[in-house]
Amino acid sequence: ILPCCQLSFALAAPERLDPRIALERALGRCPLAEVEETILQSIPYSGFPAAVESLGWLRELHPDADSYPRNATKQPESFFQKIYGESEKKIRSSLRDRHEDLERWIIEFAYGTVMESSWLSSDAIEALAVSSLIGQARLRPLHSHLRGALRTGHTRKSLTLLLDSLQKVAHPEVLRAAAKMIERECSSD
């Protein structure tokens, strides 16, 4: 999944890692379906324009490939709860405080339409989220998703490997902050 995490990073931070290069690297190391799903999972973080462009490149490289089927069952509430755990109510309240529609949009679209319809495991989805947030240097949501990654089965070691895979492209201060977050979260157990 690390090459796909680099693709997720590139879609969020194209000025730091060329998304087309990251796409081609991911295709060389990961199944086509996993690369396609990585792009779809990037939409809540990097937006539709990055997905439209990179899915276009993917179709140029693999014009005859069929899209991988999506999971039809949706339980966005449970996926959101899995990621945020005991902080779920606080996060929901914070979203509502920012804008009355934000909570519903995030739950229904990001968690319902995108994440719940994925065939990727929740720990893979969280690794992609962490990579994207590192690319954007969004430390507050990064901290929440690092916790989510730990809740979905990641370990200090797996998250450190993820940070190491982004060493050459991410802002060093963001990687240092992420490493400190991981250390705090893992030492509080």
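Residues numbered from 1 in each chain as written. Predicted model: local features only at pLDDT ≥ 70, side-chain atom pairs only at ≥ 80, totals over all residues. Heavy atoms only, no water.

### Remarks on empty space enclosed by the protein
All told, the structure shown has 2 cavities of 30 Å³ or more when counted by the stated rule. As for the largest cavity, its lining consists of S8, Q41, S42, Y45, M115, I125, L128 and A129. Sort the elements by how many residues they give to the lining of the largest cavity and helix α9 (residues 122-136) lands first, with 3 residues. As a volume, the second largest cavity reaches approximately 40 Å³. Each residue belonging to the lining of the second largest cavity can be placed in one class, and the counts come to 2 nonpolar, 2 polar and 2 charged. (1 Å grid on protein atoms, 1.4 Å probe; cavity = no way out; pocket = protein on both sides within 12 Å on 5 of 7 lines; lining within 4 Å. Points joined across faces, edges and corners; volume = space filled by probe spheres on them. Helix = DSSP H or I, 4+ residues; strand = E, 2+ residues; numbered from the N terminus. Nonpolar A, V, L, I, M, F, W, Y, C, P; charged D, E, K, R; others polar.)

### Observations concerning the packing of aromatic side chains
If you walk through the whole model with that rule in mind, you get 6 aromatic pairs. Between the aromatic rings of Y68 and W119, the centroid separation amounts to 4.7 Å while the plane-to-plane angle is 50°, which identifies the pairing as tilted. Of this pair, Y68 sits in the loop between α5 (48-61) and α6 (76-84) while W119 sits in the loop between α8 (102-115) and α9; the two residues are 51 residues apart in sequence, bridging distant segments of the chain. Seen in terms of ring centroids, F79 and Y111 are 5.9 Å apart; in terms of plane orientation they differ by 50°. Their pairing is tilted. On the criterion of sequence distance, the pair formed by F79 in helix α6 and Y111 in helix α8 is long-range, its members being 32 residues apart. The two residues F79 and Y111 agree in class, both being buried. Among the aromatic residues, those joined into a cluster by ring pairs are F79, F80, Y84 and Y111. (Phe/Tyr/Trp six-rings, centres within 6.5 Å; stacked < 30°, edge-to-face > 60°. Buried < 20%, exposed > 50% of the residue type's maximum accessible area, 1.4 Å probe, protein only.)

### A look at the pattern of salt bridges
Inspection of every chain in the model, using the stated rule, returns 12 salt bridges. E24 is the salt-bridge partner of R20, the closest N and O atoms lying 3.6 Å from each other. Residue R20 and its partner E24 are located together in helix α2 (residues 19-29), separated by 4 residues, close to a single helical turn. On the basis of relative accessibility, which here comes to 26%, the residue R20 falls in the partly exposed class. Given a relative accessible area of 41%, E24 falls into the partly exposed group. Ionic pairing is found between E183 and R156, a salt bridge with its closest N-O pair at 3.2 Å. A residue pair is termed long-range when its members are at least 10 positions apart, and E183 in helix α12 (residues 172-187) and R156 in helix α11 (residues 156-165) qualify at 27 residues. (Salt bridge = Lys/Arg side-chain N within 4 Å of Asp/Glu carboxyl O.)

### Quick word on the packing of helix α1 (residues 2-12) against α2
For the pair α1 and α2, the least separation of the axes is 8 Å and the interaxial angle reads 165°. Regarding the angle of α1 to α2, the classification is roughly antiparallel. Read as a crossing pair, α1 and α2 show a hand that is left-handed. Counting all contacts with α1, which are made through P3, C4, Q6, L7, A10 and L11, the residues of α2 involved are P19, A22, L23, A26 and R29. (Axes fitted to C-alpha atoms, helices over the stretch in contact; angles between N-to-C directions. Parallel < 35°, antiparallel > 145°, perpendicular 65-115°, else oblique. Left-handed = near helix turned anticlockwise from the far one by under 90°. Contact = heavy atoms within 4.5 Å.)

### Considering the environment of H143
For H143, the position within the fold is in helix α10 (residues 139-151). If sequence neighbours within four positions are ignored, H143 has contacts with M181, R184 and E185.

### Quick look at α5
Between the first and last C-alpha of α5 there are 20 Å, a value that for 14 residues agrees with the 20 Å anticipated at 1.5 Å per step. Looking at α5, one finds that the buried residues are A50, A51, S54, W57 and L58. The buried side chains of α5 occupy one side of the element, clustering within an arc of 130° when seen end-on. Along α5, the residues that are exposed and aim more than 90 degrees away from the buried face are P49, V52 and E60. (Expected span 1.5 Å × (residues − 1). Arc of directions from axis to C-beta.)

### So, the packing of α1 against α9
Each packed pair of helices is defined by two parameters, the angle between the axes and the distance between the axes. Where α1 contacts α9, the axes come no closer than 7 Å and their chain directions differ by 40°. For the pair α1 and α9, the sense of crossing is right-handed. Between α1, through C4, C5, S8, F9 and A12, and α9, the contact on the second element is made entirely by A127, L128, S131, S132, I134, G135 and Q136. Here the contact of α1 with α9 is built from residues that sort into 7 nonpolar, 5 polar and no charged.

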